[in-house]
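Fold and geometry: a report
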Amino acid sequence: MPSSPSTKLEQEARLAFDLLSRSQLSPEQFAALEERLLKDAAFRQAYVEQAQLETELEHQLCSAPSIPLHASRAGSRQWTFAMATALSVLLLIGLSSVVFIEPIRLAVFGSPMLDYTESRLSGPRPVAIVISKSEKSDGDSKTLLVGDRVKPGMLRLNRGQLQLEFVSGVRVLMTGPAELHLISEFEATLVSGQASILTPPETKHFYLNGPVSAIANGSSEFVYRVETQDSGSIDVYHGEVMASMLGDNGDTLLNELVTADHTAVFQGTALDVKTAAFAESDRISAMPIDDVALYPSDKYAQIVKRDNPLVYWRFEEGDAQGDLIRNHMSDRYAGQLHLADDGSMRMDRGTLHFQRSRKRRYLTLSEPIDGINKGEFTLEFWVRVHRLHWGTFLGLLPTEQEDPTRETHLCLLEYANRTNLVHRPATVRMLYRYPAKTYLGGLNSFSPNSCIPGLWTHVVAVKTDEGTHLYVNGQHKGIVDDLSFDDDSSYTVVVGQIDSARPFRQFEGQIDEIAIYEKALTAEQVKRHYETMTSSPAT
């Protein structure tokens with residue numbers, strides 16, 4: 001009489017376990033066992049049962065009165081059982097993570113801080129970047145990290161806080177437990193929990209959907225809470241938000257404008273807007289990241305000076321004499337401040353600060369550098385952007401311009417976000433273009449890693465006779481090309497906006513430790529500079 005399917009499965013599982021315990025599986029048979037454990041749930045269950053049965057039998061034998069056996073056979077029995085059990089555990093852990101690992105990990109470590117499922121649609125670009133999270137690591141290797149770019153998808157925060165900055169410049173702070181669906185750089189849906197929203201002044205619109213759609217235009221700050229599927233509240237701290245309730249057919253049932261110091265409470269189809277006094281201690285908001293100075297050590301400065309830059313601006317206390325910034329390498333090539341009367345550029349706590357302005361404000365050289373493009377050169381600085389935007393860090397420009405109202409560049413370094421070029425958001429762009437009196441051609445490099453708002457970033461641009469090199473926090477992007485020129489032209493530097501003639505593409509943030517070299521720093525030197533600044537200070 002043939003065996004029943006279940007009996008046959010048990011026999012196959014038992015045979016597989018015995019062969020494994022006796023080390024009688026060939027590599028091909030071992031691979032086949034791995035694949036079957038992964039794909040065949042019934043066989044996997046039978047295999048687990050046989051392993052449990054063997055474990056129980058071993059336990060019973062060990063607890064019974066000892067029976068003298070030949071030492072070598074006893075040792076062999078213990079070794080093969082241990083080996084079989086260990087290999088079985090490795091197989092089941094490695095191949096059946098969904099079935100076994102997740103419950104074990106949840107029991108030991110708890111649930112991960114967040115879960116993110118990317119949309120399966122083909123083609124969407126990143127819509128946001130992770131700029132901070134309350135837990136650096138939560139035991140899940142697949143979790144989002146600070147600096148990760150996020151495409152449309154579902155994000156579930158189980159605990160803690162996670163802050164995103166959308167490519168549009170909108171900042172969202174999630175407080176767990178919460179679930180947010182990212183749709184585009186202008187739209188998201190809060191399914192549950194709480195999200196704090198900060199929109200910049202140039203925001204044309206940002207939609208945060210939920211039981212009620214919150215639509216922000218211009219500068220605003222508000223908190224949206226979803227308590228159940230049809231209830232929650234919107235607290236507006238700054239600006240104004242349009243609360244719109246839609247019917248089942250998609251038609252608008254009502255619109256209510258919620259202004260600063262008001263809250264909108266919704267339940268079902270009822271929406272009540274009333275004044276509110278928000279206690280500062282209870283206020284959880286996505287405020288702009290505050291100013292943080294860079295504190296370079298004396299060791300860092302010594303290493304930079306040892307590599308002999310032509311220009312080294314540090315912006316330390318006492319470095320400013322009128323509108324001139326001291327060059328720590330010589331009495332030449334001081335930095336010259338061109339200030340606006342609105343305080344949009346200032347030197348404070350050892351860094352140079354830039355805010356948006358409708359007026360020109362920039363730092364330049366007090367005298368041009370002759371022939372810097374005749375050979376190799378390096379531009380180096382530390383930068384801390386305040387928000388996602390398109391802004392110029394530093395440009396190397398010819399002193400003689402064919403059009404003084406629209407200056408051209410030899411080398412341009414900028415924060416690239418929502419530009420007219422194809423690239424990932426929040427990157428550093430290096431453009432090298434020669435001859436520098438044209439807008440045509442040039443070598444474009446974009447950093448592979450993100451330049452994260454609120455964090456200091458090391459940027460190094462190197463031009464050699466064989467090509468260009470861009471280093472951002474040590475990560476390298478190079479382009480090979482013949483760049484050997486007999487160029488005796490004079491060049492100057494403009495820091496903080498596109499050029500000296502126009503208040504366009506202004507950088508918003510802080511910059512420090514600017515160094516200009518008439519040589520190419522090596523990869524080892526760049527690494528040494530970065531690691532010296534980021535290493536723990538000596539105690």
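See above for the structure.
None of the values given here were measured: they were computed from a predicted structure.

So, on to the side chain of D499. Among the secondary structure elements, D499 is positioned in the loop between β32 (490-495) and β33 (509-517). Of the polar contacts made by the side chain of D499, one reaches the backbone nitrogen of A501; its length is 2.9 Å. At 2.6 Å, the side chain of D499 and the side chain of R502 are in polar contact. Contact partners of D499, with chain neighbours within four places excluded, come to L397, R406, E407 and V494.

One finds L363, F381, F393 and I514 to be the most contacted residues of the largest nonpolar core, which totals 49 residues. Residue contributions to this core peak at 5 residues, all from strand β24 (residues 377-385). Filtering out sequence-adjacent residues up to four positions away, L363 remains in contact with W313, F315, I325, G335, Q336, L337, M345, L352, V493, V494, V495 and I514. By size, the runner-up hydrophobic cluster in this structure holds 39 residues, among which are F166, L180, L182 and M245.

What follows is about the packing of aromatic side chains. Remark: the centre distance and the inter-plane angle together describe each pair of aromatic rings, the angle taken between the planes. All chains considered together, the criterion is met by 11 aromatic pairs. Here the aromatic residues F354, F381, F393, Y415 and F507 are joined through ring pairs into a cluster of three or more. Seen from the ring of Y439, R406 lies directly overhead, with NZ or CZ sitting 3.9 Å from the centre.

Taken together, the buried positions of helix α6 (residues 298-306) are Y300, A301, I303 and V304. Across the axial projection of α6, the buried residues extend over an arc of 160°, all falling on one side. Exposed residues pointing more than 90 degrees away from the buried face of α6 are listed as D298, K299, Q302 and R306. Its buried side turned inward, α6 meets β16 (311-313), β24, β29 (457-464), β33 and α7 (523-534).

So, about the packing of α6 against α7. Any two packed helices are characterised by the angle at which their axes cross and by the distance between the axes. Between α6 and α7, the least distance of the axes is 9 Å, while the angle of their chain directions is 165°. In terms of axis orientation, α6 runs roughly antiparallel to α7. For the pair α6 and α7, the sense of crossing is left-handed. Here K299, Y300, I303, V304 and R306 of α6 lie close against α7, whose contacting residues are R528, H529, T532 and M533.

The rules behind each value
- Residues numbered from 1 in each chain as written.
- Predicted model: local features only at pLDDT ≥ 70, side-chain atom pairs only at ≥ 80, totals over all residues.
- Heavy atoms only, no water.
- Helix = DSSP H or I, 4+ residues; strand = E, 2+ residues; numbered from the N terminus.
- Polar contact = N/O pair within 3.5 Å; in protein donor to acceptor, adjacent residues only side chain to side chain.
- Contact = heavy atoms within 4.5 Å.
- Core = buried A, V, L, I, M, F, W, Y, C linked by side-chain atoms within 4.5 Å.
- Buried < 20%, exposed > 50% of the residue type's maximum accessible area, 1.4 Å probe, protein only.
- Phe/Tyr/Trp six-rings, centres within 6.5 Å; stacked < 30°, edge-to-face > 60°.
- Lys NZ or Arg CZ within 6 Å of the ring centre and 35° of its normal.
- Arc of directions from axis to C-beta.
- Axes fitted to C-alpha atoms, helices over the stretch in contact; angles between N-to-C directions.
- Parallel < 35°, antiparallel > 145°, perpendicular 65-115°, else oblique.
- Left-handed = near helix turned anticlockwise from the far one by under 90°.

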